[in-house]
Amino acid sequence: MVSNQCPVTESILFIDDTIASGGLTHPRSRRIAEEIHSLLNDVAWGRAGDDHLPAVQDLIQELLEKKEPQGRRLGQHLNQTLADNMEVFESHVKTHNCPTETCEWLTPAPCQMACPAGIDVPTYVTLIGQGRDAEAIDVIRRDNPFPWVCGLVCTRPCEFMCVRGRMDTPVSIKFLKAFAAERAMSEGTYRNPDKEPDKGKRVCVIGAGPGGLSAAYYLALKGYGVHVIEALPMAGGMIMVGIPRYRLPREVIDREVAMLEELGVTFAFNTRFGQDVTLDALKAEGYVAFFFAIGAHKAYKLGIPGEDDFPQTMEAIDLLRRVALGDRRKPGKQVVVVGGGNVAIDAARTCLRLGCPEVTIAYRRTRHEMPADEEEVEQAEEEGVRFSFLTIPAKIVGQDNCITGLACVRAELVQRDGSTRMSPVPILGSEYTMNADVVISAIGQKVDQLCMGEMKTMGWTRRGTIDVNSVTMQTSIDGVFAAGDAVTGPATVIEAIGGGKRAAEAIDRYLLGIPQPQMPPVPVRRRREECIEVPASTKTVIKRPVMDMLGMDRRRTTFQQVELGYTENMVREEARRCLRCDICRRCGRCIEVCRDKMGISALNMGYMDFDHPVPTDLRITEERCILCGACAANCPTGAMRIEDRGDERLLLLCGTILNRQKLVFCDSCGKAMGPRKYIDFINKRVKSVGQVSEQVMVCEDCARKKTARFNVDTLPI
Amino acid sequence: MGFRKGQKVEVYQRSKDESWESYMDRFVGLHGIITDPDTAINDPDALVEVSLDGKGTHRLPQDCLRAIDE
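About the criteria used
Residues numbered from 1 in each chain as written. Chains lettered and ligands numbered in written order. Predicted model: local features only at pLDDT ≥ 70, side-chain atom pairs only at ≥ 80, totals over all residues. Helix = DSSP H or I, 4+ residues; strand = E, 2+ residues; numbered from the N terminus. Buried ≥ 20, exposed ≤ 12 C-beta atoms within 10 Å, placed from the backbone. Contact = placed C-beta atoms within 7 Å. Pairing = 2+ DSSP bridges. Axes fitted to C-alpha atoms, helices over the stretch in contact; angles between N-to-C directions. pLDDT = per-residue confidence, 0-100. Expected span 1.5 Å × (residues − 1). Arc of directions from axis to C-beta. Core = buried A, V, L, I, M, F, W, Y, C linked by C-beta atoms within 7 Å. Parallel < 35°, antiparallel > 145°, perpendicular 65-115°, else oblique. Nonpolar A, V, L, I, M, F, W, Y, C, P; charged D, E, K, R; others polar.

1. Details of the overall build of chain B
When you go through chain B residue by residue, the secondary structure sums to zero helices and five strands. The order of α-helices and β-strands along chain B, N terminus first, is β-β-β-β-β. Counting only residues that meet the buried cut, chain B has 49% of its 70 residues in that class. Sequence separation of at least 24 residues holds for 51% of the intrachain contacts in chain B that already meet a minimum separation of 6.

2. Digging into the overall build of chain A
The secondary structure content of chain A amounts to 28 helices and 21 strands. The principal-axis extents of the C-alpha atoms in chain A amount to approximately 125 × 65 × 60 Å. Buried positions account for 45% of the 717 residues belonging to chain A. Sequence separation of 24 or more characterises 69% of the internal contacts of chain A that already satisfy a separation of 6 or more.

3. Some words on the sheet that holds strand β6 (residues 313–315) of chain A
Residues and elements named next belong to chain A. Judged by pairing direction, the sheet is parallel, and its five strands sit side by side in the order β6-β14-β7-β8-β9 without closing on themselves. Edge positions in the sheet fall to β6 and β9 (386–388), since each has one partner strand and no second. Adjacent strand axes in the sheet meet at a mean angle of 25°, parallel and antiparallel pairs treated alike. Strand direction decides the pairing type here: β6 and strand β14 (residues 438–441), joined by three bridges, are parallel. Across the sheet, Glu 315 pairs through a bridge with Ser 441, a residue of β14.

4. A word on unusual backbone geometry
Residue and element names in this part refer to chain A. The phi dihedral of Arg 156 is positive, around 45°, even though this residue is not glycine. By the secondary structure assignment, Arg 156 is in the loop between α9 (147–153) and α10 (157–161). For Arg 156, a count of 24 C-beta atoms within 10 Å gives the class buried. For Cys 654, which is not a glycine, the phi torsion comes out positive at approximately 45°. Topologically, Cys 654 is positioned in the loop between β19 (648–653) and β20 (656–665). Cys 654 sits in the buried class, given 23 other C-beta atoms within 10 Å.

5. A look at the confidence of the model for chain B
Overall, the prediction assigns chain B a mean pLDDT of 83, with 87% of residues at 70 or greater. On the interface metric, ipTM, the complex scores 0.89, and its pTM is 0.86.

6. Remarks on helix α14 (residues 250–262) of chain A
Residues and elements named next belong to chain A. Spanning 13 residues, α14 covers 19 Å between terminal C-alpha atoms, matching the ideal 18 Å at 1.5 Å per step. Every buried residue of α14 is accounted for by Val 252, Ile 253, Glu 256, Val 257 and Leu 260. Buried residues of α14, viewed axially, fall in a sector of 120°; they line one side. Residues of α14 that are exposed and point over 90 degrees away from its buried face: Glu 251, Ala 258 and Glu 262. Taken together, the buried residues of α14 touch α9, α12 (210–221) and α13 (238–241). Just beyond α14, the residue with positive phi is Gly 264, at close to 100°.

7. Some remarks on the nonpolar core
Residues and elements named next belong to chain A. If you look at the biggest cluster of nonpolar residues, it comprises 190 residues, and the most contacted ones within it are Phe 291 and Val 337. Sorting elements by how many residues they give to this core places helix α11 (residues 173–187) first, with nine residues. Here Phe 291 is in contact with Val 203, Val 205, Ile 206, Gly 212, Ala 215, Phe 481, Ala 482, Ala 503 and Ile 507, once residues within four sequence places are set aside. Grouped together as the second largest cluster of nonpolar side chains are 23 residues, Cys 6, Leu 24, Ala 48 and Leu 63 included.

8. A word on the packing of helix α1 (residues 7–20) of chain A against helix α4 (residues 69–84) of chain A
The geometry of a pair of packed helices is captured by two quantities: the angle between their axes and the separation between those axes. All names here are of chain A. For the pair α1 and α4, interaxial distance at closest approach is 10 Å and the crossing angle is 175°. One way to sum up the angle between α1 and α4 is to call them roughly antiparallel. Listed contacts from α4 to Pro 7, Glu 10, Ser 11, Phe 14, Ile 15 and Thr 18 of α1 are Gln 70, Leu 74, His 77, Leu 78 and Thr 81. Among the residues making up the contact of α1 with α4, the classes are represented as five nonpolar, five polar and one charged.

9. Focus on the interface of chain B and chain A
Contacts between the two partners involve 34 residues from chain B and, on the opposite side, 39 residues from chain A. Mapped by element, the contributors of at least two residues to the side of chain B that touches chain A are β2 (31–36), β3 (48–52) and β4 (56–60) of chain B. Residue composition of the side of chain B that touches chain A, grouped by class: 12 nonpolar, 11 polar and 11 charged.

10. Thoughts on the sheet that holds strand β1 (residues 8–11) of chain B
Residues and elements named next belong to chain B. Strand order in the open sheet formed by five strands is β4-β3-β2-β1-β5, and the pairing between neighbours is antiparallel. Sheet topology places β4 and β5 (65–67) at the edges, where each strand pairs with a single neighbour. Neighbour-to-neighbour, the strand axes of the sheet open up by a mean angle of 40°, direction not taken into account. As judged from the three bridges shared by β1 and β5, these two strands associate in the antiparallel manner. Residue pairing across strands places Val 9 opposite Ala 67, the latter belonging to β5.

11. Digging into helix α24 (residues 589–597) of chain A
All names here are of chain A. Every buried residue belonging to α24 is among Cys 590, Val 593 and Cys 594, and all of these are buried. In a view along the axis of α24, the buried residues occupy a sector of 95°, so they form one face of it. Packing partners of the buried residues in α24 comprise α26 (630–634) and β18 (640–645). Remark: Gly 599 follows α24 within two positions and exhibits a positive phi of approximately 70°.

12. Some thoughts on the pairing of β14 of chain A
All names here are of chain A. Of the two faces of β14, the one lined by Val 438 and Ile 440 and the one lined by Val 439 and Ser 441 are each fully buried. Pairing analysis gives four bridges linking strand β7 (residues 334–338) to β14, with the strands arranged parallel. Residue pairing across strands places Val 336 opposite Val 439, the latter belonging to β14.

13. Looking at the environment of Gln 695 of chain A
Its location among the elements puts Gln 695 of chain A in the loop between α27 (676–685) and α28 (700–714). Accessibility expressed as a C-beta count within 10 Å gives 6 for Gln 695 of chain A, which makes it exposed.

14. What about the environment of Val 149 of chain A?
All names here are of chain A. With respect to the helices, strands and loops of the structure, Val 149 is situated in helix α9. In the structure, Val 149 is positioned 104 residues away from Ile 253 in sequence and 6.5 Å away in space, judged by C-alpha atoms. Those residues in contact with Val 149 that sit more than four places away from it in its chain are Ile 239, Leu 248, Val 252, Ile 253, Glu 256 and Val 493.

15. What about the environment of Cys 628 of chain A?
All names here are of chain A. With respect to the helices and strands, the residue Cys 628 is situated in the loop between α25 (620–624) and α26. The sequence separation of Cys 628 and Ile 682 amounts to 54 residues, and the corresponding C-alpha distance is 9.4 Å. Once you skip the residues sitting within four places of it in the chain, Cys 628 turns out to touch Met 598 and Tyr 678.

Right under this line is the structure:
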C-alpha cells in the first residue's frame, strides 16, 4: 500500500513521544532533542537552510555519544531515518517539497504534479493575473525552456487535473502561458537566467527535438559546453516537422531556440548520427556524456494489400515533414487518412490547406474512442474534414499505378472474453469501397533503430524503444542517456521536455560523481505568491474565455495560425479563476469545523473531493457565515484567513472573499466586537456578563469592568 | 484502446510488464486521470500517461490500471 508518512514528520512525532514519555532524564539529552525538534520543524515548514541538516546530524551524533540509553535509542532511530530518507529530507530543504504530501505547507498543487515537467502553475498563473508576464516566464523556464511552444501545442495534463474543473471548467492554463510568452518576447523581457561558471566539460546532444533542446538548455545553464547534432536542416524535431504551422508557427520555435544559442549551445544541422558522425568520433572530439533524443519518426505500415503498390500511398508523418520543409504540392483530390490520433487530424487538415477538395478520416472505432484532442477533432470538422467511423481498411485498390479506392469493412465494437476493452470486429458482408486517389496512413510511429545501429550494446525494450532507467534516463551504455519519444514511444511534447530536464540533472550528477536518485524527481514549488483578491460572486461567475479563431476561408486555404490567442483582458480575468491549490490542500477541515463544531454549514465547496465532487457555490458562504473564524483557525496552510480591515471583517479563501460584513464596535472602548451576526450567535449561546441593549453595544471586557466596579463600590468593607 | 483521455482510473495492482519499476509499488491504490492514452496504434500493450493524485505524471502499463466508475 501507499506509504504516506513523511520521515520528517515521523521524526518530529518520535521526538515528541520520547520527550512526553519522560524517557530523557538527562537535561542535556532533553535539550539536544528539543533542538533537533526545532530544526526539523523548520525543515517541515520550508524554513530550513543549507546548514539545517548538517546541524541535525551533529546533534544526533552528540546524542549517540551520551551514555543515557533513551537518548542513544532516540539518536539511533533518528540516524537511521535520516540515512534511509536523506533525499526526502533534502527535498524539503532544497526544493521546498514534501513528496508524501504530509507537510502541507510544501505540497505542490495538482496541476503542478500533473505536469511531466513539473512547472509551478499556480505561481505563474498568479503572476500573469497581476500582469507580471516576464516574471511568469522566468518561473516557467525554471522547468520548461519552451513556454511559448507549450502555450500553443501542449496536451495540458495540468488542465485535466485542475481543481477548478471539478467546479465548472479548468483554468485555461495553456493559453495563459502562450500569452505571457508572446508578450514577454515582444517586450524584450523574455530572458535567460544566469549560467553557472564553466565546468570545462562538453556534452553532446543527438536530436534537436523538445527533449534534446530541453536537456541542452539545462546543461548549458549548469555550465557545460553543449553541442547539438540534428539530421534535419533546422531545430525543433517533431514540433517543427510533425506539428503543422497553423498550430505552431515556425517563428515561435525559432525565437525560443535562439534563446539557447544565446546560452552558447551550438548546432550541427543536416548531420545524421550513425552516418555522418559516430559515437567514437564524438568521444574523440572530447565529449564526456551523450544524450540521445532521436524521437520516433518511423511510421507503422497499414499492413494491407496494395500498400506498397501505389506511389499515392504515404505516411502521415512523411507528408507533414515534407510540407513543413516547404513542399506545398497537393497530394490528390480524394484523400483518405487512416487513423484516429492527432497525427491523422494534422494530416487531414494539412491536405485541406494544400487544396485537396475531399478529405476523409477512416477510423475503426467510434468518435468516443478517438485518441486525438477533442478540440482538434472539432476544428477539423469545422474546416470540412469528413469522418468515417467504425471503418476497417482492407485493401488499397487501383489500376495503372493509380489508386482508385480504399476497400473497407464496417466494424462493430464488442467486448471480447476476458477483456474490458471494446474491440472493433468486422461485420460480415459489409464490404464496400471508399473513393480515393490518395491513402495516408497515420496509425502511429516508432523509433528508427537503424540510426543507432553501431551501438550494439544499447538495450531496447520489447516495444522497440531505448531501455533506460526511468529515474535517471541512463541507458545500458555508460555515459549515454536518452529521453523523449525514443524512450516513451510517441508521446507528448511536455513529456519530452520533462525527460530532457531529468536527463540533464542525471548527466550533471554523473559528471560530478554524485549518486543518482532512486525516485523520479518531484515537482518543485518555486514561490508562494500572494493570492489575488476576488469577490466570491466574481470568482464563481467568471467563465473560461472562448478562443477567437481565424476566418474559415483562411483556415481552409492557408497555414496561418488558427487560434488567434486571448486578449489581455481575457487573460487577466482568466487567471483570477485559479483556486490556488498550492496553498489550499483541500483537506476539508474548514468545512468540517463549520458544519460539525459550529453547526453553521456555510462552506459549500464540493470540489474538494477528488473522486466524488459535488456542486460548489462559493456565494452561499455570505448568506450563512457569521465570520467566527473557526475555519481560519483550523486551516493548516493559511489558505483560509479572517481579518479586520477598517470597519469590516473579511473571510478569504486563497484570495477569494467569501464573506465581508460590517464590524460592530464597543461603545465604551471602541474595540471591534465582530459583525452583528457573530455577536447574535454568541449571545444566543452565552449569557453576557454585562447588560447589552439594542442601542448600546459594550464588549465583554468593558462589561466586566463596569460590573466589577459596581460590585467593588457597593460591597461592604 | 483500453482507456480514454480524461478517464478516472485506479492503480489497482503491480504490473508484470518490464517497464514496471520498484518505486512504482507505492502507486498501487492511488487514483488518477489518463492524460495521454497513446492509442494511435491501438496497442493494448502501450504505456499510458497517467496523472496520479499527489504523485505526479507517469507512464504506466495498462494492466495495472482499472477505470473508476463515475
